[in-house]
Amino acid sequence: EAGVTQSPTHLIKTRGQQATLRCSPISGHTSVYWYQQALGLGLQFLLWYDEGEERNRGNFPPRFSGRQFPNYSSELNVNALELEDSALYLCASSPGQLFILNEKLFFGSGTQLSVL
Amino acid sequence: DQQVKQNSPSLSVQEGRISILNCDYTNSMFDYFLWYKKYPAEGPTFLISISSIKDKNEDGRFTVFLNKSAKHLSLHIVPSQPGDSAVYFCAADSNYQLIWGAGTKLIIKP
């Protein structure tokens, strides 16, 4: 069974540009989560999608946005890129509509975004 | 304000000995905690969890201890093996999202 897949693996952009990151969850999983891991920091929660709807959002500016498609895959868009957006962006999926106790997150390998 | 803290960025342990990774939290409302392990170029993978109604949970070589009064949890790995070399994250469940620590890099020396 395929795990969570993310593309691209690496992405290099310049300040002010837009970045689009993609994620395909494990088959049967309806929830997709996006996290940012900047160097030396823990994972910072960005967004949670379930059944095509945004369910929760972390403490990030509106230029971080995304969507979930009918096939449950998801896209993260970062507009007006800033240098501090350079980080590893991780996508995770889980079964079920809610983040229920005892549910585990299954992570992809991430997209390393570098903003120059 | 870091609600989940892993104060040791790295830890080096001899193969076969016990590895103890620590995690502190500030919010007494957290009621579920998880440990994830991350190898380079891979996403984190779930290791073990503990609910606040317990003070210990064991799974093979891995045991997590929870001290609610001290707001402290620890992960014990016995015996440590070379494949345990990775970054370990603790996380706390808070209102439909996980709050993560910054991670501890565990190095197992042969």
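This text gives an overview of the structure that appears in the document.

Rules and cut-offs
- Residues numbered from 1 in each chain as written.
- Chains lettered and ligands numbered in written order.
- Predicted model: local features only at pLDDT ≥ 70, side-chain atom pairs only at ≥ 80, totals over all residues.
- Heavy atoms only, no water.
- Disulfide = S-S within 2.5 Å.
- Helix = DSSP H or I, 4+ residues; strand = E, 2+ residues; numbered from the N terminus.
- Buried < 20%, exposed > 50% of the residue type's maximum accessible area, 1.4 Å probe, protein only.
- Contact = heavy atoms within 4.5 Å.
- Buried area = accessible area lost by both parts, 1.4 Å probe.
- Salt bridge = Lys/Arg side-chain N within 4 Å of Asp/Glu carboxyl O.
- Polar contact = N/O pair within 3.5 Å; in protein donor to acceptor, adjacent residues only side chain to side chain.
- Nonpolar A, V, L, I, M, F, W, Y, C, P; charged D, E, K, R; others polar.
- Phe/Tyr/Trp six-rings, centres within 6.5 Å; stacked < 30°, edge-to-face > 60°.
- Pairing = 2+ DSSP bridges.
- Axes fitted to C-alpha atoms, helices over the stretch in contact; angles between N-to-C directions.

## What about the state of the cysteines?
In protein chemistry, a disulfide is the covalent bond that joins the sulfur atoms of two cysteines. Residue and element names in this part refer to chain A. This structure, assessed with the given rule, holds two disulfides over all chains. Across a sulfur-sulfur distance of 1.8 Å, Cys-23 and Cys-91 are joined as a disulfide pair. Taking the sign of the torsion about the S-S bond as the criterion, the disulfide between Cys-23 and Cys-91, at about -60°, is left-handed. Of the two residues, Cys-23 sits in strand β3 (residues 19–24) while Cys-91 sits in strand β9 (residues 87–94), which places them 68 residues apart along the sequence. The residues Cys-23 and Cys-91 share a single accessibility class, namely buried.

## Some words on the interface of chain A and chain B
With 20 residues of chain A at the contact, the number on the chain B side is 19 residues. Roughly 1700 Å² of surface becomes buried between chain A and chain B when both sides are summed, with 64% attributable to carbon and sulfur atoms. Counting across the chain A and chain B interface gives zero salt bridges. Connecting chain A to chain B are two residue pairs in polar contact (both at pLDDT 80 or more). Taken together, the residues of the side of chain A that touches chain B sort by class into eleven nonpolar, seven polar and two charged.

## Examining the packing of aromatic side chains
The geometry of an aromatic ring pair is captured by two quantities: the separation of the ring centres and the angle between the planes. Tallying each qualifying case throughout the model produces 13 aromatic pairs over all chains. An angle of 45° between the planes, with centres 6.2 Å apart, marks the rings of B:Tyr25 and B:Phe30 as tilted. One exposure class covers both B:Tyr25 and B:Phe30, and it is buried. On the numbers, 4.6 Å between centres and 40° between planes, the contact of B:Tyr25 with B:Phe33 is tilted. Among the aromatic residues, those joined into a cluster by ring pairs are A:Tyr35, A:Phe45, A:Phe107, B:Tyr36, B:Phe46, B:Phe89 and B:Trp100.

## A short note on the side chain of A:Gln68
Residues and elements named next belong to chain A. Looking at the element boundaries, Gln-68 is found in strand β7 (residues 64–68). For Gln-68, a relative accessible area of 8% translates into the label buried. Among the polar contacts listed, one links the side chain of Gln-68 to the backbone oxygen of Thr-30, at a separation of 2.9 Å. A distance of 2.8 Å separates a polar atom in the side chain of Gln-68 from the backbone nitrogen of Gly-52. Among residues more than four places away in sequence, those in contact with Gln-68 are Thr-30, Val-32, Tyr-49, Asp-50, Glu-51, Gly-52, Glu-53, Ser-73 and Ser-74.

## What about the sheet that holds β7(A)?
Residues and elements named next belong to chain A. Pairing in this open sheet of four strands is antiparallel, and the strands run β1-β3-β8-β7 from one edge to the other. Edge strands, defined here as strands with exactly one partner in the open sheet, are β1 (5–7) and β7. When the angles between neighbouring strand axes are averaged without regard to direction, this sheet yields 15°. With five bridges connecting them, β7 and strand β8 (residues 74–78) associate as antiparallel partners. Within the sheet, the bridge partner assigned to Phe-64 lies in β8 and is Val-78.

## Some remarks on unusual backbone geometry
What is expected of a backbone is that most residues other than glycine have negative phi and most peptide bonds are trans. Here A:Ser7 and A:Pro8 are connected by a cis peptide whose omega angle stands at -10°. Within the secondary structure, A:Pro8 is located in the loop between β1 and β2 (10–13). Following B:Val78, the chain continues to B:Pro79 via a peptide bond in cis, the omega torsion being -15°. Locating B:Pro79 in the fold gives a position in the loop between β8 (72–77) and β9 (86–94). Phi at A:Glu51 takes a positive value of approximately 50°, unusual for a residue other than glycine. You can see A:Glu51 is positioned in the loop between β5 (44–50) and β6 (53–57). Here A:Glu51 falls in the partly exposed class, since its relative accessible area comes to 36%. At A:Ala80, a residue that is not glycine, the phi angle is positive and equals roughly 45°.

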